[in-house]
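Survey of secondary and tertiary structure
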Amino acid sequence: GIDFESRYWFTDWLTADLDLSFAQAKFRRGGGEVPLAPRLLINAGLTAEFDNGLSAAIRVRSVGDRPANEEDSLTAQGYTVVDLLAKYRWRNLEASLALLNLTDSAWREAQF
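Residues numbered from 1 in each chain as written. Predicted model: local features only at pLDDT ≥ 70, side-chain atom pairs only at ≥ 80, totals over all residues. Heavy atoms only, no water.

A word on the pairing of strand S4 (residues 54–63)
Two faces, one strand: in a regular strand the side chains alternate between the faces of the sheet. Relative to S4, strand S3 (residues 40–49) runs antiparallel, the two being bridged by nine bridges. Opposite Ala 44, over in S4, you have Val 60 as the bridge partner. Counting the residues that bridge the hairpin from S3 to S4 gives four residues, and of these Gly 53 lies at a positive phi of roughly 95 degrees. (Pairing = 2+ DSSP bridges. Helix = DSSP H or I, 4+ residues; strand = E, 2+ residues; numbered from the N terminus.)

Dropping the structure here:
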């Protein structure tokens, strides 16, 4: 497979990140697909961190369609989920808020 990871600082308070993985997992003996092994994974985000203790991020995670059995005759559906995260830190206290699945995607993280 291929893995790619990147971080970019636009400014001292704004960063972007991308993790990308592509693989086609097969068993050594028989050559069948590894059930539920993702072929494509993406995790990316944009984060803003301010000096006043406030930070916010928008995150995207995506898993492509993947084989659900060794013969690849069944497919586990992929998904993409977008989350918005915010937190405020003051001294030793931290409050956070997470708005998950902003696009109201229908998704199954685990399929068996």
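Let's talk about the pattern of salt bridges
The full count for this structure, using the stated rule, is nine salt bridges. The closest approach of N and O atoms between Arg 59 and Asp 17, which form a salt bridge, is 2.7 Å. Taken as a pair, Arg 59 in strand S4 and Asp 17 in strand S2 (residues 14–22) lie far apart in primary sequence, 42 residues in all. Across the pair, Asp 17 and Arg 59 agree in class, each one buried. (Salt bridge = Lys/Arg side-chain N within 4 Å of Asp/Glu carboxyl O. Buried < 20%, exposed > 50% of the residue type's maximum accessible area, 1.4 Å probe, protein only.)

Some details on the side chain of Asp 83
Inspection of the secondary structure assignment puts Asp 83 in strand S7 (residues 79–90). On the basis of relative accessibility, which here comes to 9%, the residue Asp 83 falls in the buried class. A distance of 2.8 Å separates the side chain of Asp 83 from the backbone nitrogen of Asn 101, its partner in a polar contact. (Polar contact = N/O pair within 3.5 Å; in protein donor to acceptor, adjacent residues only side chain to side chain.)

Some remarks on the environment of Ala 56
You can see Ala 56 is positioned in strand S4. Note on Ala 56: relative accessible area 32%, which makes it partly exposed. As a C-alpha pair, Ala 56 and Gln 24 span 32 residues in sequence and 35 Å in three-dimensional space. Once residues within four sequence positions are removed from consideration, Ala 56 is found in contact with Leu 46, Thr 47, Ala 48, Leu 85 and Ala 86. (Contact = heavy atoms within 4.5 Å.)

Notes on the sheet that holds strand S8 (residues 93–99)
Taken together, the six strands give an open sheet; going across it, the order is S1-S2-S3-S4-S7-S8, and neighbouring strands pair in antiparallel fashion. Each edge of the sheet is formed by a strand with only one pairing partner; in this case those strands are strand S1 (2–9) and S8. Each neighbouring strand pair of the sheet contributes to a mean axis angle of 10 degrees, computed without reference to strand direction. Where S1 lies against S2, eight bridges are found, and the strand directions are antiparallel. Paired with Arg 7 across the strands is Asp 17, a residue of S2. (Axes fitted to C-alpha atoms, helices over the stretch in contact; angles between N-to-C directions.)

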